[in-house]
Amino acid sequence: MTSGPVLRIEEPGMFTTIQDLGRPGRRAAGVPPGGAMDRFALAAANRLAGNPEGAAALECSLSGPTVVALRSCLVAVTGADFGLTLNGVPAPDWTGIFLMEGDRLGFTGRRWGARAYIAVAGGLDAERWLGSASTYLLVGRGGVHGRTLHAGEELTLAGPEPRPAVAGRCLPVGQRPTYELSPSLAAVAGPHVRLLSPPSRRAFFRERWTVSRDADRMGYRLEGETLQVKAEELVSFGLAMGCVQVPPAGQPILLMADHQTAGGYPVVAGVARCALPLAAQLLPGAHLSFEEVTVEAAQAEWRRLRGALDTLR
Amino acid sequence: MPAPRSLHIEPLGDAALLVELGRRVDTALNTRALALAAALQKRRDVREAVPGYASVAVHYDPEQVTYRGLVGVIQRLLEAKPPPAPHGRLHRIPVVYDGPDLEASAAELGLSVETLVRLHTEPTYRCFMIGFTPGWAYLGPLPEQLRLPRRRVPRTHVPPGSVAMAGSQTGVYPLPTPGGWHLIGRTSLRLFLPQSDPPSLLRTGDRVKFFAAVGPDGGPS
């Protein structure tokens, strides 16, 4: 039943927040979409737990938390591989797992990726702000008081557990995004790509970029070849998650979930939705490159990728 | 009405696009952008249309409309005569002019502090865009005599309520954030309203007039 808490946070992990698929339609007031950095992984965790794709779940960055089931529940863990364990024994990720009261979900340590997601059947109850439960740290709204989770906090369900709650369903590797240590990100050329010098335009889509230490939920500063960008003053315009801006210094910035909603730096590319999960799993020091694709090809690839989620309905 | 000559429509990734009507600060272009955003916002295949200075960022649902289809829709909308521009709401914002950059800015501009304050309070500014952070309003244009480049080194922390200027723009920091503009004063008026929807006091197209307040907290004296 839905009364009473379902999970207790024993150890919160490095940076664990409640996220969903983001805050719709408030960009015109300066509010970014927010939500899960890896939207595919969050949606898959929810589907495996029998939830709607956008239910509120935990986003765990860099390391996983330790959580204890306060009553039986179905959970699913997706995204980064932090070494999932159930009562100390390795457990499968990307799979629905049934927890009994007192069961302990833990992680042995990061093996791959940046962000893991934990969904619970019924979805997590959380403070909603402007149509979303996603935690937005800048203004301290959404999730649990707009901040990361603390040890000892107890989480309740948003609604009744979906019936039937079926453990053991899994999403095989072949149906997940092709996560890689040094991914090539599909990207559509942006509105101001012509402000790059021709050699810089070629370099942008050919060079290997490194994620700098300045990388968080707002965006990643990238390091690599200095791009020559025409110093044309643009007047500020609206931005989207995945936009790649190039400030005058010539080092690109990839905008992520909590990005600034407006800016005036040239946007030279927009990372496709199908490639954003790959970007979301990168940490400082990781390498990436951009592969130019058409809008139509990017949309087709997203349709193919998210078709896997529909098999989990 | 013909589409603007400098019209550019280009993708922002695979679920958004940017309509640029021009690349300059211009009230007529901003009015046109607002009208286009309002028309697009009514469509079911558009999730959000965000007006900029002279542009609209359109977030659309690719399951309901193709990129090419939406570009055609936008070109047709721009051929139609835009509806008359609504008269934006007027906000009078009290300012205590005692910011940490007030005297240095006046000196750099070759003005007295009194003249700087008079010039800053004289115009009725237009809100050209809301964005960057929640509740941030890009106001302008600033009088020519007040235009300074941004600070060489941005501050890592600017207190909310700081009234600032840079280039042809002026504004009020709604949240404690880093910032590179010149801080000339402060207001007690809150621009970020988390309990409201939308959570911003100002909206694109609104008008703003600053006045010098003598109250100790920037409130109306």
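These numbers were taken from a predicted model, which means no experiment stands behind them.

Parameters at a glance
Residues numbered from 1 in each chain as written. Chains lettered and ligands numbered in written order. Predicted model: local features only at pLDDT ≥ 70, side-chain atom pairs only at ≥ 80, totals over all residues. Helix = DSSP H or I, 4+ residues; strand = E, 2+ residues; numbered from the N terminus. Rg over C-alpha atoms; globule rule 2.2 N^0.38 Å. Buried ≥ 20, exposed ≤ 12 C-beta atoms within 10 Å, placed from the backbone. Contact = placed C-beta atoms within 7 Å. Domains from an automatic or database assignment. Nonpolar A, V, L, I, M, F, W, Y, C, P; charged D, E, K, R; others polar. Pairing = 2+ DSSP bridges. Axes fitted to C-alpha atoms, helices over the stretch in contact; angles between N-to-C directions. Core = buried A, V, L, I, M, F, W, Y, C linked by C-beta atoms within 7 Å. Arc of directions from axis to C-beta. Expected span 1.5 Å × (residues − 1).

**Let's talk about the overall build of chain A**
Across its full length, chain A carries 4 helices and 20 strands. In terms of C-alpha radius of gyration, chain A reaches 20 Å, essentially the compact-globule figure of 20 Å for 313 residues. Here the C-alpha coordinates of chain A stretch approximately 60 × 40 × 30 Å along the principal axes. Across the 313 residues that make up chain A, the buried fraction comes to 56%.

**Regarding the overall build of chain B**
Assigned secondary structure in chain B consists of 4 helices and 13 strands. Since a compact globule built from 221 residues should have a radius of gyration of about 17 Å, the 19 Å found for chain B is in line with a globular shape. Along the first, second and third principal axes, the C-alpha set of chain B runs to 55 × 35 × 35 Å. Out of the 221 residues in chain B, the part that is buried amounts to 46%. Counting only contacts in chain B whose residues sit at least 6 apart along the sequence, the fraction spanning at least 24 positions is 60%.

**Thoughts on the environment of Val-246 of chain A**
By the secondary structure assignment, Val-246 of chain A is in the loop between β16 (243-245) and β17 (253-255). Given 26 C-beta atoms within a 10 Å radius, Val-246 of chain A is considered buried.

**Focus on the domain arrangement of chain A**
All names here are of chain A. Each assigned domain of chain A is listed with its residue range as follows: domain 1 (7-170) and domain 2 (184-310). Looking at the side of domain 1 that touches domain 2, the elements with two or more residues in it are α1 (39-48), β5 (73-81) and β10 (112-120). At 6 residues, the largest contribution of residues to the side of domain 1 that touches domain 2 is made by α1. Residues of the side of domain 1 that touches domain 2, tallied by class, amount to 12 nonpolar, 6 polar and 6 charged.

**Digging into the sheet that holds β17 of chain A**
All names here are of chain A. Pairing is mixed in the closed barrel, where 7 strands are placed in the order β12-β19-β16-β17-β14-β13-β20. The average undirected angle you get between the axes of adjacent strands in this sheet is 40°. As defined by bridge partners, strand β12 (residues 184-189) adjoins strand β20 (residues 287-292) across 4 bridges and the pair is classed as parallel. Among the inter-strand pairings, Ala-186 is bridged to a residue of β20, identified as Glu-291.

**Let's talk about the nonpolar core**
Of all hydrophobic cores here, the largest spans 168 residues; its most connected members are Ala-45, Val-75, Tyr-117 and Ala-187 of chain A. Residues in contact with Val-75 of chain A, not counting those within four places in the same chain, are Ala-49, Ile-97, Leu-99, Leu-105, Ile-118, Ala-119 and Val-120 of chain A.

**As for the interface of chain A and chain B**
The interface of chain A with chain B comprises 36 residues on the first partner and 41 residues on the second. A breakdown of the residues in the side of chain A that touches chain B according to their chemical character gives 22 nonpolar, 10 polar and 4 charged.

**A look at the domain arrangement of chain B**
All names here are of chain B. Partitioning chain B into domains gives domain 1 (8-79) and domain 2 (90-212). Here the C-alpha centre of domain 2 lies 28 Å away from the C-alpha centre of domain 1. If you look at the interface, domain 1 gives 7 residues, while domain 2 gives 8 residues. By residue number, the principal contributor to the side of domain 1 that touches domain 2 is helix α1 (residues 27-41), which donates 3 residues. Partitioned by chemical class, the residues of the side of domain 1 that touches domain 2 number 4 nonpolar, 3 polar and no charged.

**Notes on the sheet that holds strand β4 (residues 55-60) of chain B**
All names here are of chain B. Spatially, 4 strands are ordered β1-β2-β4-β3 in an open sheet, and the strand pairing comes out antiparallel. Bordering the open sheet on either side are β1 (8-11) and β3 (46-51), each of which pairs with just one other strand. Ignoring strand direction, the axes of neighbouring strands in this sheet form an average angle of 15°. Contacts from α1 reach β2 (16-20), β3 and β4 within the one sheet, and its direction differs from that of β3 by about 170°.

**Here's the deal with unusual backbone geometry**
Residues Gly-140 of chain B and Pro-141 of chain B are joined by a peptide bond in cis, for which omega reads -10°. In this model, Asp-197 of chain B is joined to Pro-198 of chain B through a cis peptide bond whose omega is 0°. In the Ramachandran plot, Trp-94 of chain A falls in the positive-phi region, its phi being about 55° despite a non-glycine side chain. Note on placement: Trp-94 of chain A falls in the loop between β7 (89-90) and β8 (96-99). You can call Trp-94 of chain A buried: it has 21 C-beta atoms within 10 Å. Despite not being glycine, His-145 of chain A shows a phi value in the positive range, around 50°. Looking at the element boundaries, His-145 of chain A is found in the loop between β10 and β11 (154-155).

**Some remarks on the pairing of β4 of chain B**
Residues and elements named next belong to chain B. Counting buried positions over the 6 residues of β4 gives 6, a clear majority of the element. Neither face of β4 is open: one carries Ser-55, Ala-57 and His-59, the other Val-56, Val-58 and Tyr-60, and all of them are buried. Pairing between β2 and β4: 5 bridges, direction antiparallel. In the sheet register, Ala-16 faces β4, and the bridge partner there is His-59. Pairing geometry for β3 and β4, over 5 bridges, is antiparallel.

**Notes on helix α4 (residues 113-121) of chain B**
Side chains three or four residues apart in an α-helix point the same way, a direct result of the helix having 3.6 residues per turn. All names here are of chain B. Within α4, burial applies to Leu-116, Val-117 and His-120. Buried residues in α4, looked at end-on, bunch into an arc of 95°, giving them a common side. Lining the buried residues of α4 we find α3 (102-109), β12 (182-186) and β13 (207-212).

**As for α1 of chain B**
All names here are of chain B. Across its 15 residues, α1 extends 21 Å between first and last C-alpha, which sits within 8% of the 21 Å expected from 1.5 Å per residue. Within α1 the residues assigned to the buried category are Leu-29, Asn-30, Arg-32, Ala-33, Leu-34, Ala-35, Leu-36, Ala-37 and Leu-40. Summarising the contacts, the buried residues of α1 are in contact with β2, β3, β4, α2 (67-79) and β6 (125-130).

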